[in-house]
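Here's the letter readout for the chains.
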Amino acid sequence: QVQLVESGGGLVQPGGSLRLSCAASGFTFSNYAMSWYRQAPGKERELVAAITSAGGITNYADSVKGRFTISRDNAKNTVYLQMNSLKPEDTAAYYCNVRRRGTMWWGQGTQVTVSS
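Residues numbered from 1 in each chain as written. Predicted model: local features only at pLDDT ≥ 70, side-chain atom pairs only at ≥ 80, totals over all residues. Heavy atoms only, no water.

K.L.:
What am I meant to see in the overall build of the protein chain here?
P.N.:
Summing up its helical and strand segments, the protein chain has zero helices and eleven strands in all. When the helices and strands of the protein chain are placed in sequence order, the string is β-β-β-β-β-β-β-β-β-β-β. For a compact globule of 116 residues, the expected C-alpha radius of gyration is about 13 Å, and the protein chain comes in at 13 Å, within 12% of that figure. Projected onto the principal axes, the alpha-carbon positions of the protein chain cover approximately 40 × 25 × 20 Å. Put simply, the protein chain has 116 residues, and 41% of those count as buried. For the protein chain, the computed accessible surface area is about 6,100 Å², with 46% contributed by carbon and sulfur atoms. (Helix = DSSP H or I, 4+ residues; strand = E, 2+ residues; numbered from the N terminus. Rg over C-alpha atoms; globule rule 2.2 N^0.38 Å. Buried < 20%, exposed > 50% of the residue type's maximum accessible area, 1.4 Å probe, protein only. Areas by Shrake-Rupley, 256 points an atom, 1.4 Å probe, with all protein chains shown as cover.)

K.L.:
Would you take a moment to explain the pairing of strand S5 (residues 46–51) for this structure?
P.N.:
For a regular strand, the rule is simple: side chains alternate between the two faces of the sheet. In this sheet, S5 lies alongside strand S4 (residues 34–39) in antiparallel orientation, the contact comprising five bridges. If you follow Met34 over to S5, its bridge partner there is Ile51. In this structure, the hairpin formed by S4 and S5 is closed by a connection of six residues, where Gly42 is found at a positive phi of approximately 75°. Sheet analysis places S5 next to strand S6 (residues 58–60), joined by three bridges and oriented antiparallel. Within S6, the position partnered with Ile51 by the bridge is Thr58. Two successive antiparallel strands, S5 and S6, enclose a turn made up of six residues, where Gly55 displays a positive phi of approximately 85°. (Pairing = 2+ DSSP bridges.)

K.L.:
For this particular structure, what's the right way to read the state of the cysteines?
P.N.:
Where two cysteines share a covalent bond between their sulfur atoms, that bond is called a disulfide. All chains considered together, the criterion is met by one disulfide. The residue that forms a disulfide with Cys22 is Cys96, at a sulfur-sulfur distance of 2.2 Å. For the disulfide bridge between Cys22 and Cys96, the dihedral angle about the S-S bond is near -80°, and by the sign convention the bridge is left-handed. One end of the pair, Cys22, is in strand S3 (residues 18–25); the other, Cys96, is in strand S9 (residues 92–100), with 74 residues separating them in the sequence. Neither Cys22 nor Cys96 differs from the other in exposure class; each is buried. (Disulfide = S-S within 2.5 Å.)

K.L.:
What exactly am I supposed to notice about the environment of Gln108 here?
P.N.:
Relative to the helices and strands, Gln108 resides in the loop between strand S10 (103–106) and strand S11 (110–114). Along the sequence, Gln108 and Ala61 sit 47 residues apart, while their C-alpha atoms lie 21 Å from each other.

K.L.:
Just to check I follow, could you spell out the pattern of salt bridges for this structure?
P.N.:
Between side chains of opposite charge, pairing is possible as soon as their charged atoms come close. Throughout the structure, instances matching the rule amount to four salt bridges. Ionic pairing is found between Arg38 and Asp90, a salt bridge with its closest N-O pair at 2.9 Å. Remark: Asp90 occurs in the loop between strand S8 (78–83) and S9 and Arg38 occurs in strand S4; sequence separation between them is 52 residues. Across the pair, Asp90 and Arg38 agree in class, each one buried. Lys65 is the salt-bridge partner of Asp62, the closest N and O atoms lying 3.1 Å from each other. Overlapping salt bridges bring together Arg38, Glu46, Arg67 and Asp90 as one network. (Salt bridge = Lys/Arg side-chain N within 4 Å of Asp/Glu carboxyl O.)

K.L.:
I'm lost on the side chain of Ser21 in this one. Help?
P.N.:
Counting through the fold element by element, Ser21 comes out in strand S3. On the basis of relative accessible area, Ser21 is assigned to the buried category, the value being 19%. In this view, Ser21 contacts Val5, Glu6, Ser7, Trp36, Thr78, Val79 and Tyr80; residues no more than four positions away in its chain are not counted. (Contact = heavy atoms within 4.5 Å.)

Have a look at this one:
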């Protein structure tokens, strides 16, 4: 059974930083691309960042380019999202995602709130 467990969210002031983690189990982590999505209240879930299985290629939503960095540690079955220069509009629930055998798997999410 695929399991994705996010952590690291919280309340941070504008301009601050957070590092999200997603611990994966139930599949061969190193074989799959991983993604982070977010969903703000009243808005659709949107792709924030993605990384290939070996970590060699990453891509980002335009709204986070230059501020967020996705990375992974295949030895620890963990994917990270380093978020710097946070803005109030980054406030959302953040979800880890893997697409495996045609099915999208999600974690429970971790809340990020950017507010003074």
